Amino acid sequence: MSYVVDFTTVSAVGLESSPVADALAGLRANEARYFHNKYDIDFTTEPASGTDTLAWVTRILADERGIVVSSLALEVAEPPVPGIRWAYVFYESGLAINVLYELADGGKHAVGFKLSDGMEVPDELGAFKFARQKSKLAGTIRGSFFVIKGEY
């Protein structure tokens, strides 16, 4: 069942099993606000299990950096932005991963990591440095990224 994320009234629907559910819900709402303001798109999530989105993100992480996320994937989203495949995975630990993949030749290809307030840096991401960002919806977000070199 899909869920249109409301960034005015933050809800942990679909994220209840996370130990940082409220912070992860705030992080998800922060992303929803971005897509609403920038593209006038509703940010809609669905359960992650068995989706092509989860498989695609998992493959990129493994192929590019040998990263295997140990946490359970709860939800995925693929906002319909023209010319971009933009995928999100929200994990039970409070981790949110997004893949930005511009479809035009020479376009940007990157993976972004965001850590919810209150979660530790997962072992599989220990090599990354995280910058801090304040958000009214999500508290303090710690983020990092890497550039994708392969074709997906």
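As the structure is a prediction and not an experimental result, all values here were calculated from the model.

**Structural notes on the nonpolar core**
Then step 1. Membership of the largest hydrophobic core comes to 26 residues, with the highest contact counts inside it found for L61, Y91, L95, I97, V111 and F113.
Then step 2. Going through the elements one at a time, α2 (52-65), β3 (73-77), β4 (84-91), β5 (95-102) and β6 (109-115) are the ones with two or more residues in this core.
Then step 3. Tallying contributions element by element places α2 first for this core, with five residues.
Then step 4. Of all hydrophobic cores here, the second largest spans 24 residues; its members include L24, A32, I84 and A138.

**Focus: the pairing of β3**
Then step 1. With respect to burial, β3 is a largely interior element, five of its five residues being buried.
Then step 2. Bridging between strand β2 (residues 44-47) and β3 involves three bridges; their strand directions are antiparallel. The residue of β3 that forms the bridge with P47 is E75.
Then step 3. Here β3 runs beside β4; their pairing, made up of four bridges, is antiparallel. Looking at the pairing, E75 lines up with F90 of β4.
Then step 4. Counted along the chain from β3 to the antiparallel partner β4, the turn is six residues long, and its residue G83 has a positive phi close to 80°.

**Observations concerning unusual backbone geometry**
Then step 1. The phi torsion at D40 lies on the positive side, around 55°, for a residue other than glycine.
Then step 2. Turning to its location among the elements, D40 is positioned in the loop between α1 (21-39) and β2.
Then step 3. Overall, the relative accessible area of 63% leaves D40 in the exposed class.

**Observations regarding the pairing of strand β8 (residues 139-147)**
Then step 1. Note: β6 against β8, six bridges, orientation antiparallel. Paired with A110 across the bridge in β8 is V147.
Then step 2. Bridge analysis of strand β7 (residues 131-135) against β8 gives five bridges, and the strand direction is antiparallel. Counterpart to A131 in the pairing with β8 is G143.

**A word on the pattern of salt bridges**
Then step 1. On inspection of all chains with the given rule, the structure shows four salt bridges.
Then step 2. When the shortest N-O distance is used, the salt bridge between E75 and R28 registers 2.6 Å. Highlighted residues: E75 in strand β3 and R28 in helix α1, separated in sequence by 47 residues. This pair shows no difference in class: E75 is buried, exactly as R28 is.
Then step 3. Salt-bridge contacts for E78 lead to R85; the nearest nitrogen and oxygen are separated by 3.1 Å.
Then step 4. Among the residues examined, E78 registers a relative accessible area of 31% and is labelled partly exposed.

**Regarding the environment of E31**
Then step 1. Turning to its location among the elements, E31 is positioned in helix α1.
Then step 2. For the pair E31 and L137, spaced 106 residues apart in the sequence, the C-alpha separation amounts to 9.6 Å.
Then step 3. For E31, the residues in contact, after removing those within four places along its chain, are F43, Y88 and K114.
Then step 4. A polar atom in the side chain of E31 sits 2.8 Å from the side chain of Y88.

Criteria and thresholds
- Residues numbered from 1 in each chain as written.
- Predicted model: local features only at pLDDT ≥ 70, side-chain atom pairs only at ≥ 80, totals over all residues.
- Heavy atoms only, no water.
- Core = buried A, V, L, I, M, F, W, Y, C linked by side-chain atoms within 4.5 Å.
- Buried < 20%, exposed > 50% of the residue type's maximum accessible area, 1.4 Å probe, protein only.
- Helix = DSSP H or I, 4+ residues; strand = E, 2+ residues; numbered from the N terminus.
- Pairing = 2+ DSSP bridges.
- Salt bridge = Lys/Arg side-chain N within 4 Å of Asp/Glu carboxyl O.
- Contact = heavy atoms within 4.5 Å.
- Polar contact = N/O pair within 3.5 Å; in protein donor to acceptor, adjacent residues only side chain to side chain.

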